[in-house]
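Structural features, examined
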Amino acid sequence: MQITYVLELLKPTNKKENNFLKNIEQVVKIRYEISKLLKSGENNLSSADFPHIELPSAIKNQDIREVKSLYRRFKKSNSKKENLDFKPNQPLCYNNQNYKIDNHIISIPLYTTKTTRFAFPVKKTKRFYELQEHINNGSKLGKASLFYKKSKWYFAVTIQIPNKNNNNTNIMGIDIGLRQLAVASINTFKDKEINRQFHNGKQAGFIRKKYRSVRKNMGELKKIKAIKNLNDKEQRWMSDLNHKISSQLINLAVQEQVGTIVMENLKNIRNTAQSINEADRNLDSWAFYQLQQFIEYKAKMAGIKVEYINPKYTSQRCSKCGKVEKSNRNGNLYSCSCGNHIHSDLNAARNIADKFLHTLEQQSA
Ligand SMILES: [Zn+2]
């Protein structure tokens, strides 16, 4: 499995920073020139066509290849734009021969001269130590890129991690939502629940409501930049929370010898009464999606498979007798005439695990 670690770098000296910013400028410049030539029908391009651009020819050729493929996609997309657009903060890309990671120092060459290397100290975060552990275990580093965002420098490194496998047969169904951010039900292969975990959404709901009202008042004043900062702050807060929830879920999954985690395919996001506003709904679906991504990635690291099922009826079906009855669900409580009285989100989590079990049975029948 390949994973990417985005490492924050400590602030470089002004001189170093200017050198790399100049590199980025040249990359943006050559990309615009290449796309312009491609548009005019010029297809036979080589690094020699851009003598005024201060980049090594290998980098120029790499940009030609990349812009060509971007341009092909752009033409197919029937975009209304005139031509490709490049962000002013294009990343500088390196293959694993070009950069070195030695302890917490990353050494990268400047694009112009092969002999000038620069050392960037990395911020020692948990992510960094995790990467270090993989390197010490002999995992191979792959492509990397240096990029500049909001006055900070980052280095994104890919690393190839061997796939872990386990033969565990327990199944964890996870329901994701607003009232409970996540509810997990762990079941044996024989459909018997052995453990559960709740992640209440009350605190998150409260904090997000606060952000929402501040944002609303700002909206009237049209402080666009302030709103954006607030959104970023809220997103960072949600990301932190999603990291915590996903770690706790995976810890439980490992402890209970789970072989497969099952979640809903949330492509069609459910409409909930709590989120009428379009912008809020987007934030909700973004947060749901991110939580699933975190769970999936941490599960894979732990050797646990992840499957997605169709969410249809998972909240209306009775997890005990199988009857589908919309009115059985009343807020937090699911009550069925068969005697099943259960938290409605736990009922959904069980149904999610169930649904996957059924597809397995159908496959083996
Ligand atoms: Zn029932």
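Residues numbered from 1 in each chain as written. Predicted model: local features only at pLDDT ≥ 70, side-chain atom pairs only at ≥ 80, totals over all residues. Heavy atoms only, no water.

Here we take up the pattern of salt bridges. This model, assessed by the stated rule, comprises 14 salt bridges. Asp-63 is the partner of Arg-31 in a salt bridge, and the nearest nitrogen-oxygen pair spans 2.8 Å. Taken together, the residues span a long stretch of sequence, with Arg-31 in helix H1 (residues 14-39) and Asp-63 in helix H2 (residues 57-76) at a distance of 32 residues. A relative accessible area of 4% places Asp-63 in the buried class. (Salt bridge = Lys/Arg side-chain N within 4 Å of Asp/Glu carboxyl O. Helix = DSSP H or I, 4+ residues; strand = E, 2+ residues; numbered from the N terminus. Buried < 20%, exposed > 50% of the residue type's maximum accessible area, 1.4 Å probe, protein only.)

What the 3 strands build is an open sheet, ordered S13-S14-S15; its pairing is antiparallel. Unpaired on one side and paired on the other, strand S13 (329-330) and strand S15 (341-343) mark the two borders of the sheet. Looking at chain direction, strand S14 (residues 333-335) and S15 are connected through 3 bridges and run antiparallel. Pairing of Ser-335 across the sheet is with His-341, part of S15. Its contacts with the sheet place helix H7 (residues 344-364) against S13, S14 and S15, and it is angled at close to 90 degrees to S15. (Pairing = 2+ DSSP bridges. Contact = heavy atoms within 4.5 Å. Axes fitted to C-alpha atoms, helices over the stretch in contact; angles between N-to-C directions.)

Our focus in this paragraph is the nonpolar core. Grouped together as the largest cluster of nonpolar side chains are 45 residues, with contacts concentrated most on Phe-20, Tyr-94, Tyr-99, Leu-146 and Phe-155. Counting residues per element, this core draws most heavily on H1, at 7 residues. Sequence-distant contacts of Leu-146, defined by excluding residues within four places in its chain, comprise Leu-9, Phe-20, Pro-91, Leu-92, Tyr-94, Ile-108, Trp-153, Tyr-154 and Phe-155. Within the second largest apolar cluster, 26 residues are counted, among which are Ile-174, Leu-181, Ala-204 and Leu-291. (Core = buried A, V, L, I, M, F, W, Y, C linked by side-chain atoms within 4.5 Å.)

Looking at the zinc ion, the protein donor atoms are Cys-318 (SG), Cys-321 (SG), Cys-336 (SG) and Cys-338 (SG), and they sit 2.3 Å from it. The site at the zinc ion holds 4 donor atoms, and with the angles between them running 107 to 113 degrees, its shape is tetrahedral. One chain supplies every donor for the zinc ion, spaced along it as C-x2-C-x14-C-x1-C. Taken together, the positions of Cys-321 in the loop between strand S12 (305-309) and S13 and Cys-338 in the loop between S14 and S15 put the pair 17 residues apart, joining distant regions of the chain. Judged by relative accessible area, Cys-338 falls into the partly exposed class, the value being 34%. (Donors = N, O, S within 2.8 Å, 3.2 Å for Na, K, Ca; no water. Tetrahedral: all angles 85-135°; square planar, octahedral: opposite > 155°, others 65-115°.)

Here H7 is 21 residues long and its end C-alpha atoms lie 30 Å apart, about the 30 Å a rise of 1.5 Å per residue gives. Within H7, the full set of buried residues consists of Ser-344, Asp-345, Leu-346, Asn-347, Ala-348, Ala-349, Asn-351, Ile-352, Ala-353, Asp-354, Phe-356 and Leu-357. (Expected span 1.5 Å × (residues − 1).)

Below, the discussion takes up the domain arrangement of the protein. If you check the domain split of the protein, you get domain 1 (2-160) and domain 2 (170-364). Taking only C-alpha atoms, the centre of domain 1 and the centre of domain 2 are 36 Å apart. With 6 residues of domain 1 at the interface, the matching set in domain 2 holds 4 residues. Summed over both sides, the interface between domain 1 and domain 2 buries roughly 330 Å², with carbon and sulfur atoms accounting for 51% of that surface. Area buried by domain 1 at its contact with domain 2 is led by Ile-3, Arg-127 and Lys-150, which between them contribute 75% of it. When the shortest N-O distance is used, the salt bridge between Lys-150 and Asp-232 registers 2.7 Å. At the boundary of domain 1 and domain 2, one finds 3 residue pairs in polar contact (both at pLDDT 80 or more). Every element with two or more residues in the side of domain 1 that touches domain 2 is listed here: strand S1 (2-8) and helix H3 (126-136). When residues in the side of domain 1 that touches domain 2 are grouped by element, the largest group, 3 residues, is from H3. (Domains from an automatic or database assignment. Buried area = accessible area lost by both parts, 1.4 Å probe. Polar contact = N/O pair within 3.5 Å; in protein donor to acceptor, adjacent residues only side chain to side chain.)

Strand order across the open sheet formed by 3 strands is S3-S4-S5, with antiparallel pairing between neighbours. Either end of the sheet is taken by a strand with one partner, and the two such strands are strand S3 (100-102) and strand S5 (117-121). The sheet shows a mean angle of 25 degrees between the axes of neighbouring strands, direction not considered. Here 5 bridges tie strand S4 (residues 105-109) to S5, and the two strands are oriented antiparallel to one another. Each residue of the ladder has a partner; that of Pro-109, found in S5, is Arg-117. With respect to the sheet, H1 is in contact with S4 and S5, its orientation differing from that of S5 by roughly 115 degrees.

One ladder, built from 7 bridges, connects strand S9 (residues 180-187) with strand S10 (residues 193-200); its direction is antiparallel. From the neighbouring strand, Ser-185 faces S10, where its bridge partner is Arg-196. In this structure, the hairpin formed by S9 and S10 is closed by a connection of 5 residues, where Asp-191 is found at a positive phi of approximately 70 degrees.

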